[in-house]
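Chain residues, written in single-letter form:
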Amino acid sequence: MAVANLTMSPAQFESLRKVVYKRSGIYFQDSKKYVLESRLSRRLEELGFSNFDEYLMFLTTGPYQTDEFQEMFNRITINETSFFRNEPQLEVFEKQVLSKLLEARKSKKQLRIWSSASSTGEEPYTLAIQLHRSLGVRLSDWNIEILGTDISQKALETAQSGKYASYSIRSMNPLILKRYFTEEDGFFKLDPTIMSMVRFELLNLKDAYAAKRFGTWDVIFCRNVMIYFDDAMKTHCVKMFHDQLADDGTLFIGHSESLRNIPVPFEPMPIPQAFSYMKKAGA
Ligand SMILES: C[S@@+](CC[C@H](N)C(=O)[O-])C[C@H]1O[C@@H](n2cnc3c(N)ncnc32)[C@H](O)[C@@H]1O
């Protein structure tokens, strides 16, 4: 049954965007009011509310706040992603960054990679496929940890199913697709070996203390999420990544994102398609 969109007044939009920003760092521009309106209308209907004031009250007071914030983030986040998204950048990861790190860690044989806004899993699974291809039979000698985190529990559930629609695999090399997926009832099921290389956890990037418990990373991916943040939240995230990155580690960001105006001691890799950063020496 179609749901009629409930209208959100300018004052209700202002209150809701403040609450969302405070909790997650996601900042809804004026032009994105319709996103909140359209995505939350069904939720209001499910809860039996007739206007956004009632919803705001439910969200910010009373016993169900934590659950409702989770439900809201499941609905308002943009989870767009795909396997091998931005291939030229991933090639830099595999050929330049990964190969150097595998050499640098060859005695310890331990590597830790964090996909910090992993959505439905395509990004960390892509990195796992790249590692599987790079290491081949040597993979079993290594202790490789790939963590995918996201604020959306629903996105993480899809990730853990390892089952994808054709939209997710649209830009994959057919040979890689054939090697790592099985087609079943119109869906593409990821190889269990690749699935076993990735672990998923719920994590809000606003929560630096929660992120800290995961320790230090050799590579951090934070792609296509900072576009939803303002400079204060970007600074918070980039500082957190700086604190949690190994001295010779690399941070990858999205191709339409930039760390200009962000006062954290990182320097860009001098390769145009890399969109990646390393710590400034001595910082
Ligand atoms: C557009 S997807 C990007 C997925 C993937 N990194 C890529 O580039 O293909 C953005 C993801 O960021 C997540 N996100 C938004 N705000 C977040 C926050 N404060 N903490 C953690 N994840 C967040 C969303 O739930 C969404 O899954």
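These figures come from a predicted structure and were not determined experimentally.

1. Comments concerning the side chain of E123
Phase 1: Counting through the fold element by element, E123 comes out in helix α6 (residues 122–135).
Phase 2: In this structure E123 comes out as buried when scored by relative accessible area, which is 6%.
Phase 3: Within the local environment of E123, its side chain forms a polar contact with the side chain of S115, the two groups lying 2.7 Å apart.
Phase 4: Those residues within four positions of E123 in sequence are excluded, and the remaining contacts are T81, S115, F221 and R223.

2. A look at the pairing of strand β5 (residues 187–190)
Phase 1: On β5, burial follows the alternation: F188 and L190 on one face are buried, whereas F187 and K189 on the facing-out side are not.
Phase 2: Summarising the sheet, strand β4 (residues 181–184) and β5 pair through 4 bridges and their orientation is antiparallel. Bridging across to β5, F181 finds its partner in L190.
Phase 3: Linkage of β4 to β5, two consecutive antiparallel strands, is achieved through a turn of 2 residues, within which D185 is found at a positive phi near 50°.

3. Some words on the domain arrangement of the chain
Phase 1: Looking at the assigned domains, one finds that the chain contains domain 1 (10–76) and domain 2 (87–279).
Phase 2: On the domain 2 side, the residues contacting the 10 residues of domain 1 number 12 residues.
Phase 3: Summing both sides of the interface, domain 1 and domain 2 together bury roughly 890 Å²; the carbon and sulfur share of this comes to 52%.
Phase 4: Summed over the three residues of domain 1 that lose the most area to domain 2, namely Y21, Q70 and N74, the buried surface amounts to 42% of that side.
Phase 5: If you look at where domain 1 meets domain 2, you find 0 salt bridges.
Phase 6: Connecting domain 1 to domain 2 are 6 residue pairs in polar contact (both at pLDDT 80 or more).
Phase 7: For the side of domain 1 that touches domain 2, the secondary structure elements donating two or more residues are α1 (10–24) and α4 (65–76).
Phase 8: Top element by residues in the side of domain 1 that touches domain 2 is α1. It accounts for 4 residues.

What counts, and at which threshold
- Residues numbered from 1 in each chain as written.
- Predicted model: local features only at pLDDT ≥ 70, side-chain atom pairs only at ≥ 80, totals over all residues.
- Heavy atoms only, no water.
- Helix = DSSP H or I, 4+ residues; strand = E, 2+ residues; numbered from the N terminus.
- Buried < 20%, exposed > 50% of the residue type's maximum accessible area, 1.4 Å probe, protein only.
- Polar contact = N/O pair within 3.5 Å; in protein donor to acceptor, adjacent residues only side chain to side chain.
- Contact = heavy atoms within 4.5 Å.
- Pairing = 2+ DSSP bridges.
- Domains from an automatic or database assignment.
- Buried area = accessible area lost by both parts, 1.4 Å probe.
- Salt bridge = Lys/Arg side-chain N within 4 Å of Asp/Glu carboxyl O.

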